Amino acid sequence: MRRDKLDKLRAVGRDPFRTNWDQTHTSKQAFAQFEAEEAAFFDANPTVKAELAVYEAAAEKFNAAKMERRAKIQAGEITQQDPFELPEVPEKPEVPMGAEVSVAGRVVMFNVMGKASFLKLLDRDGIIQIYVTRDDLPEGDYNAFFKKMIDLGDIIGAKGKVFRTSTGEITVHITDYAIVSKSMRPLPEKFHGMKDPEQIYRQRYLDLISNEESRNRFRLRSEIIKEIRRYLWDRDFNEVETPCLHNVAGGAAARPFVTHMNALDCDFYLRIALELHLKRMLVGGVDRVFELGRVFRNEGLSRRHNPEFTMLEVYQAYTDHRGMMDLIKGLIHHLCENVLGTFQIPVHGKDEVIDFAAPWREAKYNDLVIEATGDADWFTRSREDKLAACEKLGIKVDPEAADFEVTNDVFEKLIEPTLIQPTFVTRIPKELCPLAKLNESGDGSLDVFELCINGQEIAPAYSEQNDPFVQREMFEAQVGEETQDLDEDFLVALEHGMPPAGGMGVGIDRLVILLTAAGNIRDTILFPTLRNKSSAE
RNA sequence: GGGUCGAUAGCUCAAUCGGUAGAGCAGUUGCCUUUUAAGCAAUUGGUUGUGGGUUCAAGUCCCACUCGACCCA
């Protein structure tokens, strides 16, 4: 269909896919410039400002009456032909037009009103309206080309002076334009936007064009990442990039993806964590180090899990998990202040608000379990008694699960979902993590915390294990459970001496879910993992 | 992996008990020089996810498959 238009455009020497357009202003920049010009004019002409206020009040009444009439027509109470009176509106006081701007963007609205038209262009900052009349364009252009050749979805450039319409919208009154890139396919429905989740993920660009909420969320994600970097750089952390292809998939308990390298004829694992390489950096003397990178876990998909996700890991020498508490609290406060402009974040789908400004709770793992089970002697009971107790509590547990796994099921199913406000869960049992230092108390708990917010784990942090002998023992205990291979190279690194350090991992996607009140990890990942679908049409 | 629900025009959605597949937006053709989901008039658009079955008759009932959503493991 639209191919015909390509030929017609080319026939008169207009390239439907131009190489450039000189965009001098984005929508936001044009608004800012005009508002400044307008303010300067009002300062010099205070009477006009007063007259304009009178006019705007009248215009508002006029528009309200018009809307009311339209609503009545829609409801069938009156018809288009019924007589009607609209309130009088005084002559609009003259405000000079602003300077000329050149804008560009995708046409997302096109109202032709006879010899004049309104269009809206979507650019990287938002949406700006342009206005054109027949007489502003070269003879014949408006009827033969402007109205005929521009479709919703085309990318156009437009040049003209800025003004404010009678309804108060800042608009560019254009005198020159060009179709910069013709769209061959129609846009999604303009009012409802794109709804089908599958299509949103597969064709995210259409979602971004038609859904402002989605656009805003991904802009926020970008700003969050920018501010995380700034926060860490300001505190003298070095950003590094370590390999994605690992010989041993270590640093976490997760099933890895396996891939094959032809040149060396050997298998590699896609990394499941950043930890072991970043600790090698500590050994190498990079005392403050972080990496923001993708990790891959070959596990299920859910509202909270995508097989590839973005992780921040931070390591700081000469501190411990307590230092990490200050760091993550400071980081989230920084994001609240510099990105969101608020410390209170609503929870998606719930009538609840997370208050980051209030003091953050700190609770020991064991205390939380005792509180949730109502059993002060929980930890001295046998595995069988615990299993029986779980049944009473309505928690499904694998009957083969080890003692600590039964308890951890209680934690994950009964406690974690209730931790909505920021909570540092400390003193986690040593079986759950082989890479942290044991607490001095000798009770088998670790000097670690798990920061839980909105019922999910956001950031685990450790006082990092730097004793190579203890580390080896703890690895060997884990390898038996087939979750991790033993990373001999890492142990050799530790044997060279690693400074005492605090380390932390932050799931960026989950953080973004939290901070943007999204309901699903897939709303925070541009192109979430989906099954291949051959009929991509 | 298990359960529940879903897939109808480019998009958002209808279609009663199994009986001629419709509407709005988008598109096309007109009218309209400050519109705001603009309006008015006309008009195009479909192998109802795929494959099979039951039936005089299937978008609708049955079976299998594909893709997805939600919940569970």
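A short tour of the structure in this document, coming up. Owing to the predicted nature of the structure, the values given are computational and were not obtained by experimental measurement.

## What about the overall build of chain A?
1) Next: When you go through chain A residue by residue, the secondary structure sums to 15 helices and 18 strands.
2) Next: Compactness check: chain A gives a C-alpha radius of gyration of 31 Å against a globular reference of 24 Å for 537 residues, more than 25% above the reference.
3) Next: Oriented by its inertia axes, the alpha-carbon framework of chain A measures out at about 85 × 55 × 50 Å.
4) Next: Looking at the 537 residues of chain A, the share that counts as buried comes to 46%.
5) Next: Across chain A, contacts joining residues at least 24 apart in sequence account for 66% of those joining residues at least 6 apart.
6) Next: When the accessible area of chain A is evaluated, it comes to approximately 28300 Å², of which 50% is carbon and sulfur surface.

## Quick look at the sheet that holds strand β6 (residues 238-239)
1) Next: Reading across the sheet, the 8 strands line up as β6-β10-β11-β18-β17-β16-β15-β14 and stay open at both edges, with mixed pairing between neighbours. Since the sheet does not close on itself, it has two edges, and those belong to β6 and β14 (361-364), each with one partner.
2) Next: One ladder, built from 9 bridges, connects strand β10 (residues 288-296) with strand β11 (residues 308-317); its direction is antiparallel. Each bridged residue has a counterpart across the sheet, and for Gly 293 the counterpart in β11 is Met 311.
3) Next: Across the sheet, helix α7 (residues 212-234) is in contact with β6, β10 and β11; its angle to β10 comes to roughly 150°.
4) Next: Sitting on the sheet, helix α9 (residues 321-340) is in contact with β11, β14, β15 (423-426), β16 (448-453), β17 (456-463) and β18 (501-507), with an inclination near 25° to β16.

## Observations concerning the protein's contact with RNA strand B
1) Next: Around RNA strand B, 45 residues are found, and the nearest of them are Gln 129, Thr 167, Lys 190, Glu 198 and Arg 522.
2) Next: Protein-adjacent atoms of RNA strand B, using a 4 Å cutoff, are sugar or phosphate at a proportion of 61%.
3) Next: In this structure, Lys 120 approaches RNA strand B through a side-chain N or O atom, which is 2.6 Å from a base oxygen.
4) Next: Where the surface near RNA strand B is concerned, the elements lending two or more residues are α3 (46-75), β1 (100-113), β2 (116-123), β3 (126-133) and α5 (197-202).
5) Next: Looking at which element gives the most residues to the surface near RNA strand B, the answer is α5, with 5 residues.

## Considering the pairing of β17
1) Next: Burial analysis of β17 places 6 of its 8 residues in the buried class, the great majority of the element.
2) Next: One ladder, built from 6 bridges, connects β16 with β17; its direction is antiparallel. Residue pairing across strands places Phe 449 opposite Ala 461, the latter belonging to β17.
3) Next: The antiparallel hairpin formed by β16 and β17 contains 2 residues in its connecting segment, where Asn 454 sits at a positive phi of about 55°.
4) Next: In this sheet, β18 lies alongside β17 in antiparallel orientation, the contact comprising 3 bridges. The partner of Ala 461 across the bridge, within β18, is Met 504.

## Things to note about the state of the cysteines
1) Next: For the coordinates displayed, the defined rule picks out 0 disulfides.
2) Next: With no disulfide of its own, Cys 266 lies 16 Å from the sulfur of Cys 244, the closest cysteine sulfur.
3) Next: In this structure Cys 452 is not part of a disulfide, and its nearest cysteine sulfur, from Cys 433, lies 15 Å away.

## Description of α9
1) Next: Along its 20 residues, α9 runs 27 Å from first to last C-alpha, staying within 8% of the 28 Å computed at 1.5 Å per residue.
2) Next: By the N-cap criterion, in which a side-chain oxygen at the helix start approaches the backbone nitrogen of a residue two or three places on, α9 is capped by Asp 320, the distance to Arg 322 being 2.9 Å.

## Things to note about the packing of aromatic side chains
1) Next: In the structure shown here, the tally under the stated rule is 11 aromatic pairs.
2) Next: Their ring planes at 40° and their centres at 4.7 Å tell us that Phe 118 and Tyr 131 sit as a pair that is tilted. With Phe 118 in strand β2 and Tyr 131 in strand β3, this residue pair connects regions lying 13 residues apart in the sequence.
3) Next: Residue classification places Tyr 131 among the buried residues on the basis of a relative accessible area of 19%.
4) Next: Seen in terms of ring centroids, Phe 146 and Tyr 177 are 4.8 Å apart; in terms of plane orientation they differ by 85°. Their pairing is edge-to-face.

## A closer look at unusual backbone geometry
1) Next: Positive phi values are uncommon outside glycine, yet Asp 236 reaches one of about 75°.
2) Next: Tracing the backbone shows Asp 236 in the loop between α7 and β6.
3) Next: If you check the backbone angles, Arg 427 has positive phi at about 55° while not being a glycine.
4) Next: Here Arg 427 shows up in the loop between β15 and β16.

## Remarks on helix α14 (residues 488-495)
1) Next: For α14, the full list of buried residues reads Phe 490, Leu 491, Ala 493 and Leu 494. One face of α14 carries all of its buried residues, which in axial projection span an arc of 155°.
2) Next: Capping of α14 at its N-terminal end is provided by Asp 487; its side-chain oxygen lies 3.3 Å from the backbone amide nitrogen of Asp 489.
3) Next: Looking at the residues trailing α14, positive phi occurs at Gly 497, about 100°.

## Quick look at the nonpolar core
1) Next: Within the largest apolar cluster, 42 residues are counted, with the highest numbers of intra-cluster contacts made by Cys 390, Val 397, Val 425 and Leu 435.
2) Next: Non-local contacts of Val 425, meaning those with residues more than four positions away in its chain, are made with Ala 363, Tyr 365, Leu 368, Phe 411, Leu 419, Val 448, Phe 449, Glu 450 and Cys 452.
3) Next: The next biggest cluster of nonpolar side chains, apart from the first, holds 41 residues, and it includes Leu 327, Leu 335, Trp 360 and Val 506.

## Thoughts on the sheet that holds strand β9 (residues 266-270)
1) Next: If you trace the 3 strands from one edge of the open sheet to the other, you get β7-β9-β8, paired in antiparallel fashion. At either end of the open sheet lies a strand with only one pairing partner, and these are β7 (245-246) and β8 (258-261).
2) Next: The pairing of β8 with β9 spans 4 bridges and is classified as antiparallel. Counted as the bridge partner of Met 261 is Cys 266 from β9.

## What about the pattern of salt bridges?
1) Next: As enumerated under the stated definition, the model contains 29 salt bridges in all.
2) Next: Between Arg 14 and Asp 141 there is a salt bridge whose closest N-O contact spans 2.7 Å. Of this pair, Arg 14 sits in the loop between α1 (3-11) and α2 (27-44) while Asp 141 sits in helix α4 (residues 141-149); the two residues are 127 residues apart in sequence, bridging distant segments of the chain.
3) Next: You can call Asp 141 buried: its relative accessible area is 8%.
4) Next: Taken together, the salt bridges that share partners define one network made up of Lys 5, Asp 151, Asp 154 and Lys 182.

What counts, and where the lines are drawn
- Residues numbered from 1 in each chain as written.
- Chains lettered and ligands numbered in written order.
- Predicted model: local features only at pLDDT ≥ 70, side-chain atom pairs only at ≥ 80, totals over all residues.
- Heavy atoms only, no water.
- Helix = DSSP H or I, 4+ residues; strand = E, 2+ residues; numbered from the N terminus.
- Rg over C-alpha atoms; globule rule 2.2 N^0.38 Å.
- Buried < 20%, exposed > 50% of the residue type's maximum accessible area, 1.4 Å probe, protein only.
- Contact = heavy atoms within 4.5 Å.
- Areas by Shrake-Rupley, 256 points an atom, 1.4 Å probe, with all protein chains shown as cover.
- Pairing = 2+ DSSP bridges.
- Axes fitted to C-alpha atoms, helices over the stretch in contact; angles between N-to-C directions.
- Near = heavy atom within 4 Å.
- Polar contact = N/O pair within 3.5 Å; in protein donor to acceptor, adjacent residues only side chain to side chain.
- Disulfide = S-S within 2.5 Å.
- Expected span 1.5 Å × (residues − 1).
- Phe/Tyr/Trp six-rings, centres within 6.5 Å; stacked < 30°, edge-to-face > 60°.
- Arc of directions from axis to C-beta.
- Core = buried A, V, L, I, M, F, W, Y, C linked by side-chain atoms within 4.5 Å.
- Salt bridge = Lys/Arg side-chain N within 4 Å of Asp/Glu carboxyl O.

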